[in-house]
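Examining the three-dimensional arrangement
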Amino acid sequence: MRPTIGRTVTVAATQMACGWDREANVSGVERLVRAAAARGAQIILPQELFETPYFCKDQKQDLFALAHPAAEHPVIARMSALARELSVVIPTSFFERAQNAYYNSLAMIDADGSVLGVYRKSHIPDGPGYQEKYYFNPGDTGFQVYRTRYAAIGCAICWDQWFPESARAMALKGAEILFYPTAIGSEPQDGSLDSQAHWTRVMQGHAGANLMPLVASNRIGREEGDACGITFYGSSFIAGPTGELVAQADRESETVLTASFDLDRIAAQRASWGIFRDRRPELYGPLLTLDGQTSVHR
């Protein structure tokens, strides 16, 4: 007898511009979440650090004051109330202070408003316009998978999205869908460099390599800092389990994207394809090194 298959979940990606009116930014995210929920979305992803502009363009001591402990962060409190009201899951990016440490973090808010846990960004970039190492400690949580009301989901943050190891770790821990809030755009040191297509293809690869849907949310608009400005290129998207683009926003418009997936059918496809059956972890020792050598050089 063939087993019954069918567990459909609707996901959403959002994108918008942010300014220094923090209330307006959070209200904007709330408006987009409500719009996504009205379209049937059950898991809704806002972009990275949406409370303010992307402040890592400059190194400014006073910007550390933007951080709050997770337990008393006003954005988490507001998104928790919204999640509970709408019965939706909202992975929420925030700037976290933990004693003398600071993290680029994400609170996984379930559909009853409870916080299932906090993930701290693992890979911290440092380059012109993206000087995150000044503000953020490297995350110490490891990659997390959360059993939400609607699905088991893995979330990583922005620069994490370039690393296939991040996606595979979440898949191995039982994720059914991957989510990446992000803030990426132009490169101040080279105006001819446009990473948008590269950024999209890399994450499509994560979806295809792990046979699971993937949701990426980016911001839009031009943001000026003291040292430089960045034009964020939006292009938020949802990919299906073979890496196919199911929906994608443009580079400039405030947008809500939705897509629905039968997670039981995808799980059967993932099992039958054999990519997890045929893995050889004992051969992957070089992945634990920086230079590909499995022995330590003295």
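The rules behind the values
- Numbering of residues starts from 1 in each chain and follows the order in which that chain's sequence is written.
- Given that the model is predicted, a residue must reach a pLDDT of at least 70 before its local features are reported, and side-chain atom pairs must reach 80 or more before they are shown or counted; all residues, however, enter totals for whole chains, interfaces and linings.
- Computation of side-chain values covers all heavy atoms of the structure but excludes hydrogens and water.
- Criterion used throughout: strands pair if DSSP finds at least two bridges between them.
- Put simply, DSSP H or I for four residues or longer makes a helix, DSSP E for two residues or longer makes a strand, and each gets a number counted from the N terminus.
- Think of each axis as a best-fit line through the C-alpha atoms, taken over the contacting stretch in the case of a helix, with angles from 0 to 180 degrees between the N-to-C directions.
- UniProt positions are given in the numbering used here, feature names are shortened, and annotations may be inferred rather than shown by experiment.
- Crossing handedness is read from the near helix: turned anticlockwise from the far helix by less than a right angle, it gives a left-handed crossing, and turned clockwise, a right-handed one.
- Every residue pair with non-hydrogen atoms within 4.5 Å of one another is taken to be in contact.
- Charged residues are taken to be Asp, Glu, Lys and Arg, nonpolar residues to be Ala, Val, Leu, Ile, Met, Phe, Trp, Tyr, Cys and Pro, and polar residues to be all remaining types, Gly included.
- Take the buried Ala, Val, Leu, Ile, Met, Phe, Trp, Tyr and Cys residues and link them wherever side-chain atoms come within 4.5 Å; each set so joined is a nonpolar core.
- The buried label goes to any residue with under 20% of its type's maximum accessible area, the exposed label to any with over 50%, and the partly exposed label to all in between, with areas taken from a 1.4 Å probe on protein chains only.
- Each patch is built from residues that are more than 30% exposed by relative accessible area and take part in no salt bridge. Like charges join if they lie within 9 Å; nonpolar side chains (Val, Leu, Ile, Met, Phe, Trp, Tyr) join within 5 Å.
- Using the Shrake-Rupley algorithm and a 1.4 Å probe, accessible areas are obtained, with residue cover drawn only from the displayed protein chains.
- Basic side-chain nitrogens of Lys or Arg form a salt bridge, by our definition, when they fall within 4 Å of a carboxyl oxygen of Asp or Glu.

Now for the sheet that holds strand E8 (residues 145-147). Spatially, six strands are ordered E8-E9-E10-E11-E14-E15 in an open sheet, and the strand pairing comes out mixed. One side of each edge strand has no neighbouring strand; the edge strands of this open sheet are E8 and strand E15 (245-248). Pairs of neighbouring strands in the sheet enclose a mean axial angle of 20 degrees, with direction left out of account. Note: strand E10 (residues 177-181) against strand E11 (residues 214-217), four bridges, orientation parallel.

The positions UniProt marks with the feature "domain: CN hydrolase" (unreviewed entry) are residues 9-263. A helix fraction of 22% and a strand fraction of 31% characterise residues 9-263, whose end C-alpha atoms lie 7 Å from each other.

Our focus in this paragraph is the packing of helix H3 (residues 164-172) against helix H4 (residues 196-210). Taken N-terminus to C-terminus, the directions of H3 and H4 make an angle of 35 degrees; their axes are 10 Å apart at the nearest point. Helix-helix and strand crossings are classified by hand; for H3 and H4 the assignment is right-handed. Of the residues in H4, those in contact with Pro-164, Ala-167, Arg-168 and Ala-171 of H3 are His-206, Ala-209 and Asn-210. The residue makeup of the contact of H3 with H4, split by class, is four nonpolar, two polar and one charged.

With that settled, the discussion passes to the nonpolar core. Membership of the largest hydrophobic core comes to 65 residues, with the highest contact counts inside it found for Val-11, Ile-43, Phe-55, Phe-95, Ile-177, Phe-179 and Leu-214. Counting residues per element, this core draws most heavily on E10, which supplies four residues. In this structure, Ala-36, Ala-41, Ile-44 and Phe-94 belong to the second largest nonpolar core, which totals 22 residues.

Despite not being glycine, Leu-49 shows a phi value in the positive range, around 45 degrees. Mapped onto the elements of the fold, Leu-49 is located in the loop between strand E2 (43-45) and helix H2 (74-86). You can call Leu-49 buried: its relative accessible area is 4%. Backbone geometry at Ser-87 places phi at a positive 55 degrees, although glycine is not the residue there. Among the secondary structure elements, Ser-87 is positioned in the loop between H2 and strand E3 (90-98). Overall, Ser-87 belongs to the partly exposed group, its relative accessible area being 30%.

Bringing the environment of Ala-81 into the picture now. With respect to the helices and strands, Ala-81 occurs in helix H2. Look at Ala-81 and you get partly exposed, because its relative accessible area is 33%. Sequence-wise, Ala-81 and Phe-232 are 151 residues apart; in three dimensions their C-alpha atoms are separated by 29 Å.

Let us look at a nonpolar patch on the surface. A surface patch of nonpolar side chains, about 300 Å² in accessible area, is lined by Leu-283, Tyr-284 and Leu-287. For Tyr-284, the position within the fold is in the segment after helix H5 (263-273).

Taken in spatial order, the three strands line up as E3-E4-E5 in an open sheet, and their pairing is antiparallel. Strand pairing shows two members of the sheet lacking a second neighbour, E3 and strand E5 (115-120), which therefore form its edges. With strand direction ignored, the average angle separating the axes of adjacent strands in the sheet is 30 degrees. Bridge count for strand E4 (residues 101-109) against E5 is five bridges, and the pairing is antiparallel. Of the residues in E5, the one forming a bridge with Ala-107 is Val-118. The strands that H2 touches are E3, E4 and E5; relative to E3, the one it contacts most, it runs at about 160 degrees.

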